[in-house]
Amino acid sequence: MLSKSFEARSYREPSSKSNSKVNRRISENRGGGGSRSRKQGIPSLNSNQNYLYPPLNMNSVEHTMDISKKPQPKKDRLFGLTEAPTYYPSEEDFKDPFKYISKIAIEGREYGIIKVVPPDSWRPQFSLDSKRFWFKSRKQELNSVEAGTRANLNFLDQLHKFHKQRGVIINKLPIVNRKPLDLYLLKKSVDRANGFDEVCRRKLWAEIGRGLGYKGKIMTSLSSSLKNAYQRYILPYDQYLATVKPVLQQQNAENGGPPTPIKRVRTPSASSVEILNSSSATPFILDKTEKTEYTSNDTISELSLNEELRPLNILFDEGSNKSSFPKKLTYQDDGKRSPDRQLKRLKMDNDSLQFSMIAGSNTALNRPMGMTNRMSDQNIKVKLPGENCEICGRGDDALSMLLCDDCDSGYHMYCLNPPLKSIPDYDWYCDKCLIGTGEYGFEDGQVYSLKQFQDKANRFKQEHFAHMKSSSITEDTIEKEFWRLVESVDETVEVEYGADIHSTIHGSGFPTIEKNPLDSYSTDPWNLNIMPLHEKSLFRHIKTDISGMTVPWLYVGMMFSTFCWHNEDHYTYSANYQHFGATKTWYGIPGADAEKFEAAMRNAVPELFEQQPDLLFQLVTMLSPKRLLEKNVRCYAIDQHPGEFVITFPKAYHAGFNQGFNFNEAVNFAPSDWEPFGKMGVDLYQDYRKLPVFSHDELLLTAAARDSSIETALWLGPALRSMKDRELELREYIRSTKPGIAESLLESTEEFQCAFCNAYCYLSHLSCDCTPNVACLNHYEELCDCDVHSRKLEFSFSDGDLQEIVAKVNSRAEQPRIWIEKLQKIISQAVKPSIKTLRSLLSESEKISYNIPEAIPLRKLVEEANEWIEEAQFILARKLQNRRKNEKAWRRGSSKISELEERDREHRQPDYIMKLLWQVDKMSFTAPEIDLLKERVVQMEDFRNRASILIENPSNDLNEYIELIETGNSMNIDFPELTKLNLRLQQLKWIEKVHDVQKKYLYLDEVNNLLVEGTKLGFDEQEPEFHKLLKAKVSGDIWERTVRMLKEDPRLDYDILEQKFDEAANISVLESTYDSLEKTLLKYREACESIAEILKYTAEASYEMRPKYRVAREVIDSIKDLATKPSSSPELEKYVKRLEDWMRKGKRYFGKVNAPLHILKHQLDSVKKRNEICFSMDDLPRSFLEGSSEIWKQHYTQELIANDSATKELFCLCRLPESGLMIECEICHEWYHSKCLKITRGKIKNYELYTCLVCDHRIQLPRDAVRPLLDNLVNWEVEGKNLPLRAEELDLIHSINDTAMKFKEFMRPLLAHRGNFVLGDVYYLKFFLRKLEGADICLAEEINFLRSEIHRLSPLTSEPPPRVEDILICRKYSRPPKLEFKDFHLSKTTGTDLNSVEERSEFGGDQAPKPYMNENQQSNNGITQFSKNSLPLLNDLVDVAIRQIPMGLANNHISNEYVSENGNSGKDHFSRTEKEQDSGITSMSTISTIPEALTTSGHSK
C-alpha cells in the first residue's frame, strides 16, 4: 500500500486559543500520495456519484487464479532480482490474519514484502457498483519519476535559464565524436573528480570522456572538446551557484524551510528567528553587454536545441488526447518566453494559498516562528507572489517591480545587485528559480468511470505494443519496457493512475456490513474494512477513522502507472488486495536495509535531496533496482495477481507498477510488534517536521485504558515507561530552566500540534498569549521571545496521573503472582478442598493470558477428579447417550481394543460402584457424586423386580418395553434382564416396520433384507408378515431369471424387453437390474434417433451442412456393445468407412501409411506451417546483383524494398533465422542448419567443404516425410468434399493448397521468362529453388524449370538434372522398428511392404522413399546378409541408387574420391564374388557405399 506524502495540514484560526485544535483536511494533491485524513475531514459526496456510468463488464477482466498448481518463482527476473516468498495458507491458518502474519513475520521482514494467496474457498465478490463509481486520476510522466532523469532535466532547464538570463542566445548544444554531449553527466563526472580546476591540473579530461562512453577518438582532441564544452556551458553556472547558493540556503534556514532534519534539543537557540520581510536576495545578474555568440570549431560540433533539449519541453496540448504522443516544444530565440517551455510546475490557486508550500513537502516556506504579536483575523493578509519586493519587503513603487518569469516573485529593480535601470527585453529569472527548488508532483487527470478507464488503458496498451503480437507481450516484456521508459531521457510517455481513492466516498470493493449485512465476507477478518480494527490491531485504539490507514483506499491502474519508493506512514504494516485485472509488480526492500536504501538514493541524486530533504516522503521518485543492488541494498520482487494479498512489513521501502488495467484496495494495520517501529517513525517525522497521521502517545494511553490483558501489558509496559520517563524528564528540564513558569491541566479533548516540528502535543505543550500556536517541549524556545511569565506549560495528564497509568499496566503483569498466592492459601486452609473450589481457581488461571507454571499440577489434579466424576456420572446419568458421549474420555490412551472392552464391562458391573467409592479416599478433593452413588443401589433392586415380572408375562405394548429398557440403560449397569427385553422389543419393531414398508414399492433386495432380519429375530412362515415377504421374493426371482435369459440371447428382441420393463412395476425386482434394463432400452432408442439424424443430413448439397465424421464415429462406437444394432447402422458404417479410406489415402500421400488416423491432422498442420514459411512472398532475396535481368525489377523490386527493413535474415531450406550449428555451401555460400540437412555434428568433422542440393542436383536430401504433388492434393480435396460426412482435416488441406497455388501464381512470371536468364540471375534462381526444396509440397513444374535454368547457366556436370517425376528422394523409414539392413529382409515372406515404384507412381514425383542407412550400416568392417528371395528387389534398389551417382562414378568403377577409408576399390564395393552370386547373398558393403556417395558428393564444413 502506498504511503501518503502530502498529509493533512494544520490550519489554525487566530481568533482564540481554542482554535489551535488541529483541523484535518485533505490537502491539494501535489505528489504521489494523498493525505491521511480523519473520517470527519473527508470531502462531501460529489454530484458525480448520482450519475450512472456504463457498467464495467466483469467478464472482460482477469479474475482469481486457480492455485491448485502453485506457480514456481521466476528464476530469470529483470536485474537478477530474487522473488519474495509466496505463502499458501490452509483454510485453518487463514482464519486469523494476525496469527498467520505473526507466524511468517520473521521470514517476511527479511524480504520487506511477501505475497499471501488465499485458499480456493475464499472468493469474495467484487461489491463496488461500477455504474456509480468514479474517480479522478493523476498524470504521470514516466521519465520524470526516475531520480536521475529528473535531476538531469532539472539541471538542463536551470542551465538554459541561466544562459538566457546572461543575454546569451544558445541555439545549439555540443556534439562530441558524433554523439550529443550529456552536460549533466559531464558536470557530475567533474564534480566527482573534485571540480574543474582539479581535472585540469591532473589532466583527467580523457578519463572523464571514457567514463561518458566516448571511444575511438584521439584523446588529445577528446580532452579539448570536453574542456571547452565545460568552460562554455557549465563553468559560468557553477561559479554563479558558488556565489548565490549559500545566501539562499541561509535565508531558507532562517525562514523555516526547506524541511531539513532537525535535532530535538532542550537548550535555547542562540538567536531568535527572523521573519520573512527581513530577508534579502541578491540575484546574480550579468550585464547585457556580456552577450556572446558561440561558434563551432573542429572539436565541438553543435546540435539544435529543438532536438537535444526536447525532454525539457515536453508537454501535452490542452486540447489533445492526454494519452497521445507528447508535443515537442522549443525555446525561442527572441527573448520571449514560450508558455509551455518548462517542466511542469505546481501552482496553488490564489483562493487556497495560505502559505507558499514546497511541492510535495509538508512544511510551509517562510513560516515566521519568532512572531511577538498575537495573530488575529484582522491582521492576517495573504500575500500573493509579486505584491511585495522579496528583498526590501515593501509593496510600493509598482512601476519598478520586476517579476520573475517563472515563479512570479517581485523585485524592485533598484534593490537588485547590481541594480537594473529598465525592464529587460528577455526572460528574467530570480535566484531561486535559477538554482532550482526541486518542486515536482503529479498533476490531476480527468474523471473516469471504471469502464472509461478500462477502455483508455486497453487502448494505450494496444497502441504502445502495436508492433508486437499480443502473444509475445509477457510480464517480463512489460517490465523491461517500463524501466526503459523510466530511465529514458529523450522519450516521454504519460500515463494516468487512479490512486488514493477514498473508500468512504466511493465505496469498497469488499462487501461491507452497511451495504451487505448478510454477506459472510462483510465480517471476514481478511476484509480490509475489518482488518485494521481487528482485536489484535493497535489501530482499534484510535478514536476516529483515518482514511487510507484505518479505512481502505482504492487504486485503479493502467499499464506503466507506478507507485514510487516509500515506506508506510508511521512504519506500519500494510495489506494490499487485488480484486481483478492485470498483474501488479512490486519491489521491496527489507526494513533492515532502509538506511542503506536512503543513502543510495541520496548518493544517486544529491542535488534533489539538497533541494528537497524530505524527498522520500513525497512518493514521486523512482530508482532502478539495478542501481540499488549495486549499492548492496537488498531488493526483491513479487508479481501480484487477482485474488492475492501483498503484505509489507514495518520500515520496508516498496515501489512498483501496474502491467495493465487493474483494481486494488489497501489499508494499514498494526500488530503489537509494530509499536517500536511506530515510535521510530514518530521521531523521524519530528526530525523532518512532517505532519504525523495520529498521536503515538495517545494510542499507547488509549490501549492502556481499553486493553487489560497480560499479553498487552507485556509490550505496553516498556513503551509506557519510556514515554513516561521522556515526558517527565522534559517537564523537569523546563521547570528547572524556566522557574516560575505557569502550569495548568487541560480539561478539553482538543488536539494540539507543535508549530515548529508538527508533532502531536498530546501529553503536554507550551503556549503563550502572543500567539495561538503551541510548541512541544522539545522546541519551547522556538515559540516566541516573550518573558517566562507569559508562557504556560499545559498538560493532559499530571505527573501523578502518568505514573498511575504506568503502575496499572505493570500491575496487570503481577496477576500471575497474585494467583499463586491464592492457590497456596487454599491448600493451607483445607486438606481436601472441594472440586468446585479447585475448578474455580483453575478457571481463574486460564483467564490470565500467561503461562503460570504452578497451574500445571492443579490442572492435572482437576483432570483426574473430572475423570472420576465422569465415571460416576456414567452410572448416575439418566440417559444412555450421556454415557456414550463421554466414553472416549477414559478410553483415550489405551491401545488394545480387547482391554477397552473388558474395562467397559467391568465398569458396568454393580461391584464397580463400591470400587469408585473406595478410590475417593485416596484423592484430594470432595464431590456430591459420592452420596448419589449410594442412592443408586436402591434403584437397581427396583428395576430388576419389574423386569422379571414383564419377562414372565410378555406384552404387545411397545411403550412398556421401551420405558423399562430406558430405565435400565439410564443406570449404566449391565443387567441380564436387558437382553431378553431388547429381543422382544426388536420383534415388535420388525412387525411394525413391515407394515409400514408394504405401503410403498419394495425392491427385491429390500425384501431379502427384511427376510434376513426376521430370521435373525426368530420368525418363520407361521408369521403372516414373514409369509408375504417370501411370496414376493419368489415372484421377483422368476422375473430376474427371465430378463437375464433375454439379455443373453444374441437375437435380442427389444420389444419383449419393453414388456418385461413394464411388468417390473408390480413385482419386487433388484434395483440394479431395473436400472440396467432401463439404461439399455434408453441407449437403444437414443442410438436409433442419432443415426437417423445423421443420415438425414448426409445428402445435403452444402458440404458445411453435412454431419461431422467425429460425431458419426462416436455413434458407431457407442452401439458396439448392443446385442442387436439398429437397422440403419450399416449405412452409417459404410459412410464412416468411405471417409476413413479417404483419410488413409491422405496418409499415403505423406508417407504415414502405418500411422493412426489422427496423425493425419497433425501432419497436415505441420505441412501448413512449413509451407506458409517457405511459400511466403515476403521472404525475397536479401540483395540485388549487378548484371541481372529486368524481370526482377519488373516483378519483385517493390516487394524487396518493403522487405528491406526485416530485422532477421532467413537461411536454409526451412527459411528460418540462424540457430544451432550452421553449414555453408562452398558454391552459393548459403548457410544451412545441420539438422535440416540431417548431418550430425560428429559427421561434419570428416569434411572440409560442403555443396548444397540447390547448387548440385546430384545431391539428395533424406526427408522425414514424402512430398506429394500439388495436383494430387487438389484432387484429394475435391474428392473429400464429395463425401457424405465432413472431415475436419479438409480445412487444413484447403489452406495448404491455397498457399501453394498462390506461390505458384507468384512464380508464373519467372516461368514465362524461360531461356532469357543470364548468369547474373543464378543467385535469384537458386533462392527460389531453395524455397521450393524446403516446402513439404512438391511443385514439380517450378522445380524442374529452376533446376534446368541453373544447370544451363552454371553447370557443375554435363549430365542435365533429371525431372522430379523420374527420381526417387531418400527418406527415413518410420519407426518402430529401427531399420537396419542386418535385420531387414526384403523378401515378401517377411511381410515387409517396400512400396514398389509402380505402386508409388500414383502419388507423383519425388515421394517414393529410398532406404536410409545410418553410419554403422555404412561401415565396411562387416557384411550384412540378405536372403535369396530379396535379391531381385535389392538389385533394383542398387541400380536406382547407382543412377543417382554423379556421372563418371557409375561406369562399373568408383574414383578414388569415393573409396572408403579401408582402401577397398570401387569394384570391391559394386561387384559380387561368384560365391556370393551362387548363394544369392549381397555384401552389405555394396549398399553402405551408396548413401555415402550420394550425400558426400559435395563438401561439408
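This one's a predicted model, so the numbers in the text were calculated from it and none came from an experiment.

### As for the overall build of the protein chain
Here is step 1 of the chain: Helix and strand counts for the protein chain stand at 48 helices and 29 strands.
Here is step 2 of the chain: Considering only contacts within the protein chain whose residues lie at least 6 apart along the sequence, 77% involve residues at least 24 apart.
Here is step 3 of the chain: By element, 50% of the accessible surface of the protein chain is carried by carbon and sulfur atoms, the whole surface being about 72,300 Å².

### Considerations on the sheet that holds strand β20 (residues 636-640)
Here is step 1 of the chain: Spatially, β2-β20-β19-β22-β17 is the arrangement adopted by the five strands of the open sheet, whose pairing is mixed. One side of each edge strand has no neighbouring strand; the edge strands of this open sheet are β2 (82-83) and β17 (562-566).
Here is step 2 of the chain: In this sheet, strand β22 (residues 653-658) lies alongside β17 in antiparallel orientation, the contact comprising three bridges. Bridging across to β22, Thr562 finds its partner in Phe657.

### Things to note about the packing of aromatic side chains
Here is step 1 of the chain: Applying the stated rule across the entire model yields 62 aromatic pairs.
Here is step 2 of the chain: Ring centres 5.4 Å apart and planes at 5° place the aromatic pair Phe196 and Tyr230 in the stacked group. Highlighted residues: Phe196 in helix α5 (residues 196-202) and Tyr230 in helix α7 (residues 219-254), separated in sequence by 34 residues.
Here is step 3 of the chain: Both rings, one in Tyr1149 and one in Trp1276, keep their centres 5.9 Å apart while their planes meet at 70°; by these two values the pair is edge-to-face. Of this pair, Tyr1149 sits in helix α34 (residues 1129-1149) while Trp1276 sits in helix α40 (residues 1270-1281), and the two are 127 residues apart along the sequence.
Here is step 4 of the chain: Its relative accessible area of 0% is what places Trp1276 among the buried residues.
Here is step 5 of the chain: Ring pairing ties together the aromatic residues Phe79, Phe460, Phe465, Phe482, Trp483, Phe560, Tyr587 and Phe657, which thus form one cluster.

### Re the nonpolar core
Here is step 1 of the chain: Core analysis: the largest hydrophobic core is formed by 106 residues, its most contacted members being Phe560 and Trp565.
Here is step 2 of the chain: Val1043, Trp1142, Cys1252 and Leu1283 belong to the second-largest nonpolar core, a separate cluster that totals 94 residues.

### Some words on the pairing of strand β14 (residues 494-502)
Here is step 1 of the chain: In terms of burial, β14 is largely enclosed, as nine of its nine residues are buried.
Here is step 2 of the chain: In this structure, strand β5 (residues 135-141) lies alongside β14, joined through four bridges in antiparallel fashion. Directly across from Gln140, in β14, lies its bridge partner Val495.
Here is step 3 of the chain: Where β14 lies against strand β16 (residues 553-557), three bridges are found, and the strand directions are antiparallel. Bridging across to β16, Gly498 finds its partner in Val556.

### A closer look at helix α28 (residues 977-997)
Here is step 1 of the chain: With 21 residues, α28 extends 31 Å from end C-alpha to end C-alpha; this agrees with the ideal 30 Å at 1.5 Å per step.
Here is step 2 of the chain: Every buried residue of α28 is listed here: Glu977, Leu978, Leu981, Leu985, Gln987, Leu988, Trp990, Val994 and Val997.
Here is step 3 of the chain: Packing partners of the buried residues in α28 comprise α26 (929-952), α27 (958-970), α29 (1004-1016) and α30 (1024-1048).

### A word on the packing of α30 against helix α32 (residues 1071-1097)
Here is step 1 of the chain: Taken N-terminus to C-terminus, the directions of α30 and α32 make an angle of 35°; their axes are 11 Å apart at the nearest point. Relative to α32, the crossing made by α30 is left-handed. Counting all contacts with α30, which are made through Trp1039, Glu1040, Val1043 and Lys1047, the residues of α32 involved are Thr1073, Ser1076 and Leu1077.
Here is step 2 of the chain: Here the residues of the contact of α30 with α32 are counted per class, giving three nonpolar, two polar and two charged.

### Here's the deal with the packing of α32 against α34
Here is step 1 of the chain: Relative to each other, α32 and α34 sit at 55°, their axes nearing to 10 Å. Judged by the angle between their axes, α32 and α34 are oblique. For the pair α32 and α34, the crossing hand works out as left-handed. Between α32, through Ile1091, Ile1094 and Leu1095, and α34, the contact on the second element is made entirely by Ser1129, Glu1131, Leu1132 and Tyr1135.

### Digging into unusual backbone geometry
Here is step 1 of the chain: The phi dihedral of Lys203 falls on the positive side, at around 55°, and the residue is not glycine.
Here is step 2 of the chain: By the element assignment, Lys203 lies in the loop between α5 and α6 (205-211).
Here is step 3 of the chain: Residue classification places Lys203 among the exposed residues on the basis of a relative accessible area of 72%.
Here is step 4 of the chain: One non-glycine residue with positive phi stands out, namely Arg689, at about 60°.
Here is step 5 of the chain: Mapped onto the elements, Arg689 comes out in the loop between α16 (675-688) and α17 (696-706).

### Digging into the environment of Thr926
Here is step 1 of the chain: Note that Thr926 resides in the loop between α25 (911-920) and α26.
Here is step 2 of the chain: Sequence-wise, Thr926 and Ala865 are 61 residues apart; in three dimensions their C-alpha atoms are separated by 9.1 Å.
Here is step 3 of the chain: Residues in contact with Thr926, not counting those within four places in the same chain, are Lys832, Pro833, Ser834 and Ile835.

### Observations concerning helix α22 (residues 855-876)
Here is step 1 of the chain: Along its 22 residues, α22 runs 30 Å from first to last C-alpha, staying within 8% of the 32 Å computed at 1.5 Å per residue.
Here is step 2 of the chain: What α22 keeps buried is the set Ala855, Leu858, Val862, Ala865, Trp868, Ile869, Glu870, Glu871, Ala872, Phe874, Ile875 and Leu876.

### A few points about the sheet that holds β5
Here is step 1 of the chain: Pairing is mixed across the open sheet formed by nine strands, whose spatial order is β3-β4-β21-β18-β23-β16-β14-β5-β13. Both edges of this open sheet fall to β3 (86-87) and β13 (444-448), since each of them pairs with a single strand only.
Here is step 2 of the chain: Lying on the sheet, helix α1 (residues 97-111) is in contact with β3, β4 (113-116), β18 (573-581), β21 (645-648) and β23 (662-669); it crosses β4 at an angle near 140°.
Here is step 3 of the chain: Along the sheet, helix α10 (residues 450-464) makes contact with β5, β13, β14, β16 and β23, crossing β14 at roughly 150°.

### Quick word on the pattern of salt bridges
Here is step 1 of the chain: What the rule picks out here adds up to 72 salt bridges.
Here is step 2 of the chain: The partner of Asp673 in a salt bridge is Arg109, and the shortest N-O contact between them spans 2.5 Å. Highlighted residues: Asp673 in the loop between β23 and α16 and Arg109 in helix α1, separated in sequence by 564 residues.
Here is step 3 of the chain: The partly exposed category is assigned to Asp673, whose relative accessible area is 27%.
Here is step 4 of the chain: Here Arg109 falls in the partly exposed class, since its relative accessible area comes to 27%.
Here is step 5 of the chain: Of the charged contacts, one joins Glu1342 and Lys1304 as a salt bridge, the two residues approaching to 3.0 Å between their closest N and O atoms.

### Quick look at the pairing of strand β27 (residues 791-795)
Here is step 1 of the chain: Where burial is concerned, most of β27 is hidden: four out of the five residues are buried.
Here is step 2 of the chain: Bridge analysis of strand β24 (residues 742-745) against β27 gives four bridges, and the strand direction is parallel. If you follow Glu743 over to β27, its bridge partner there is Leu793.
Here is step 3 of the chain: Note: strand β25 (residues 764-768) against β27, five bridges, orientation antiparallel. For His765, the partnering residue across the bridge sits in β27 and is Glu794.

### Considerations on the confidence of the model for the protein chain
Caution applies to low-pLDDT parts of the model: their predicted coordinates are not meant to be read in detail.
Here is step 1 of the chain: Residues of the protein chain with pLDDT of at least 70 account for 75%, and the chain-wide mean is 75.
Here is step 2 of the chain: At the level of individual helices and strands, the protein chain shows its lowest average pLDDT in strand β9 (residues 314-315), which scores 29, and its highest in β21, which scores 97.
Here is step 3 of the chain: For the stretch residues 37-49, pLDDT sits under 50, and the model shows 35 contacts to residues farther than four places along the chain or on other chains.
Here is step 4 of the chain: Low pLDDT, under 50, characterises residues 1197-1206; the stretch is placed with eight contacts to residues that sit more than four places away or in other chains.

### Quick notes on the side chain of Lys161
Here is step 1 of the chain: Mapped onto the elements of the fold, Lys161 is located in helix α3 (residues 147-165).
Here is step 2 of the chain: Polar contacts involving the side chain of Lys161 include one to the side chain of Asp406, which spans 2.3 Å.

### A closer look at the environment of Ser1348
Here is step 1 of the chain: Inspection of the secondary structure puts Ser1348 in helix α43 (residues 1340-1353).
Here is step 2 of the chain: Classification of Ser1348 by relative accessible area gives partly exposed; the value is 28%.
Here is step 3 of the chain: Sequence separation between Ser1348 and Pro1360 is 12 residues; the distance between their C-alpha atoms is 7.2 Å.

### Section: the state of the cysteines
Here is step 1 of the chain: Evaluated as defined, the whole model comprises zero disulfides.
Here is step 2 of the chain: This cysteine, Cys392, is not joined by any disulfide, and Cys389 carries the nearest cysteine sulfur, 3.7 Å off.

Cut-offs and rules
Residues numbered from 1 in each chain as written. Predicted model: local features only at pLDDT ≥ 70, side-chain atom pairs only at ≥ 80, totals over all residues. Heavy atoms only, no water. Helix = DSSP H or I, 4+ residues; strand = E, 2+ residues; numbered from the N terminus. Contact = heavy atoms within 4.5 Å. Areas by Shrake-Rupley, 256 points an atom, 1.4 Å probe, with all protein chains shown as cover. Pairing = 2+ DSSP bridges. Phe/Tyr/Trp six-rings, centres within 6.5 Å; stacked < 30°, edge-to-face > 60°. Buried < 20%, exposed > 50% of the residue type's maximum accessible area, 1.4 Å probe, protein only. Core = buried A, V, L, I, M, F, W, Y, C linked by side-chain atoms within 4.5 Å. Expected span 1.5 Å × (residues − 1). Axes fitted to C-alpha atoms, helices over the stretch in contact; angles between N-to-C directions. Left-handed = near helix turned anticlockwise from the far one by under 90°. Nonpolar A, V, L, I, M, F, W, Y, C, P; charged D, E, K, R; others polar. Parallel < 35°, antiparallel > 145°, perpendicular 65-115°, else oblique. Salt bridge = Lys/Arg side-chain N within 4 Å of Asp/Glu carboxyl O. pLDDT = per-residue confidence, 0-100. Polar contact = N/O pair within 3.5 Å; in protein donor to acceptor, adjacent residues only side chain to side chain. Disulfide = S-S within 2.5 Å.

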